[in-house]
Amino acid sequence: MSQNIIIITGAIFGMLSVIFGAFGAHALKKTLSNEQLKSFETGIKYQMYHAIVLLVLGFNSEYTSQSIYWCFSIGILLFSFSIYGLVLSDAKGKKIRFLGPITPVGGLLLIVGWVLIIINSI
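Nothing here was measured: the structure is a model prediction, and the numbers come from that model. (Residues numbered from 1 in each chain as written. Predicted model: local features only at pLDDT ≥ 70, side-chain atom pairs only at ≥ 80, totals over all residues. Heavy atoms only, no water.)

S.K.: Looking at this structure, I do not really get the overall build of the chain. What am I missing?
M.R.: On a plain count of helices and strands, the chain comes out with four helices and zero strands. Listing every helix and strand of the chain by position from the N terminus yields α-α-α-α. For 122 residues, the compact-globule estimate of 2.2 N^0.38 gives 14 Å, and the C-alpha radius of gyration of the chain, at 15 Å, lies within 12% of that figure. If you line up the chain on its principal axes, its C-alpha atoms span 45 × 25 × 20 Å. Expressed as a percentage of the 122 residues in the chain, the buried residues total 38%. Within the chain, counting contacts between residues at least 6 apart in sequence, those at least 24 apart form 77% of the total. Of the roughly 7100 Å² of accessible surface on the chain, a fraction of 68% belongs to carbon and sulfur atoms. Considering the chain, the positive charge centre built from 8 side chains and the negative charge centre built from 4 side chains are found 12 Å apart. (Helix = DSSP H or I, 4+ residues; strand = E, 2+ residues; numbered from the N terminus. Rg over C-alpha atoms; globule rule 2.2 N^0.38 Å. Buried < 20%, exposed > 50% of the residue type's maximum accessible area, 1.4 Å probe, protein only. Contact = heavy atoms within 4.5 Å. Areas by Shrake-Rupley, 256 points an atom, 1.4 Å probe, with all protein chains shown as cover. Lys, Arg positive; Asp, Glu negative; His and termini not counted. Charge placed at Lys NZ, Arg CZ, Asp CG, Glu CD.)

Next up, the structure:
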């Protein structure tokens, strides 16, 4: 996996988390309930945490494998983006229920990414 691809992916996910955070704090604050806003913020936090990890891994490529990259990238998409979809669709009164089971799959991929970092470091 190219070091540049890992860094660019991390930067894109980081940038999007800032954009989504601003959107949530300003545009959605009046639309979402406190519970919905907390869920939305959880998606943003996890996206940013893992974006930063991708950047660190990109700059320290000896710890990075394609498996780690894909676990974190797909994990972010499934975990955070399913939360965004669930919250926004619920706020519109038409909750997209099939996204519910996708969130834990994304979380599992994030966990596997961390486990792979541990294994690669041993």
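S.K.: What should I look at first to understand a nonpolar patch on the surface in this one?
M.R.: Side chains of Leu 108, Ile 111, Val 112, Val 115 and Ile 119 sit close together on the surface and give an oily, nonpolar patch of about 430 Å² of accessible area. Examined against the element boundaries, Leu 108 turns out to sit in helix H4 (residues 102-121). Leu 108 gets classed as exposed once you look at its relative accessible area, which sits at 52%. (Patch = residues over 30% accessible without salt bridge, like charges linked within 9 Å, V, L, I, M, F, W, Y side chains within 5 Å. Salt bridge = Lys/Arg side-chain N within 4 Å of Asp/Glu carboxyl O.)

S.K.: How do you make sense of the nonpolar core when you look at a structure like this?
M.R.: As a rule of thumb, soluble globular proteins bury nonpolar side chains together. Counting residues in each nonpolar core, the largest one holds 21 residues, and the members touching the most others are Leu 32, Phe 40, Leu 54, Leu 57, Phe 72 and Ile 117. The set of elements that each furnish at least two residues to this core consists of helix H1 (3-27), helix H2 (34-59), helix H3 (66-91) and H4. Setting aside chain neighbours within four positions, we find Phe 72 in contact with His 50, Val 53, Leu 54, Leu 57, Leu 110, Gly 113, Trp 114 and Ile 117. (Core = buried A, V, L, I, M, F, W, Y, C linked by side-chain atoms within 4.5 Å.)

S.K.: How should the side chain of Ser 17 be read in this particular structure?
M.R.: In this fold, Ser 17 is placed in helix H1. Filtering out sequence-adjacent residues up to four positions away, Ser 17 remains in contact with Ile 44, Gln 47 and Met 48.

S.K.: Sorry if this is basic, but what is going on with H1 here?
M.R.: Along an α-helix, residues three or four apart share an orientation, since each turn contains 3.6 residues. For H1, with 25 residues, the first-to-last C-alpha span of 35 Å sits near the 36 Å given by 1.5 Å per residue. Along H1, the residues that are buried comprise Ile 6, Ile 7, Thr 9, Gly 10, Phe 13, Gly 14, Ser 17 and Gly 24. On the buried face of H1, the contacting elements are H2 and H3. By the N-cap criterion, in which a side-chain oxygen at the helix start approaches the backbone nitrogen of a residue two or three places on, H1 is capped by Ser 2, the distance to Asn 4 being 3.2 Å. (Expected span 1.5 Å × (residues − 1). Polar contact = N/O pair within 3.5 Å; in protein donor to acceptor, adjacent residues only side chain to side chain.)

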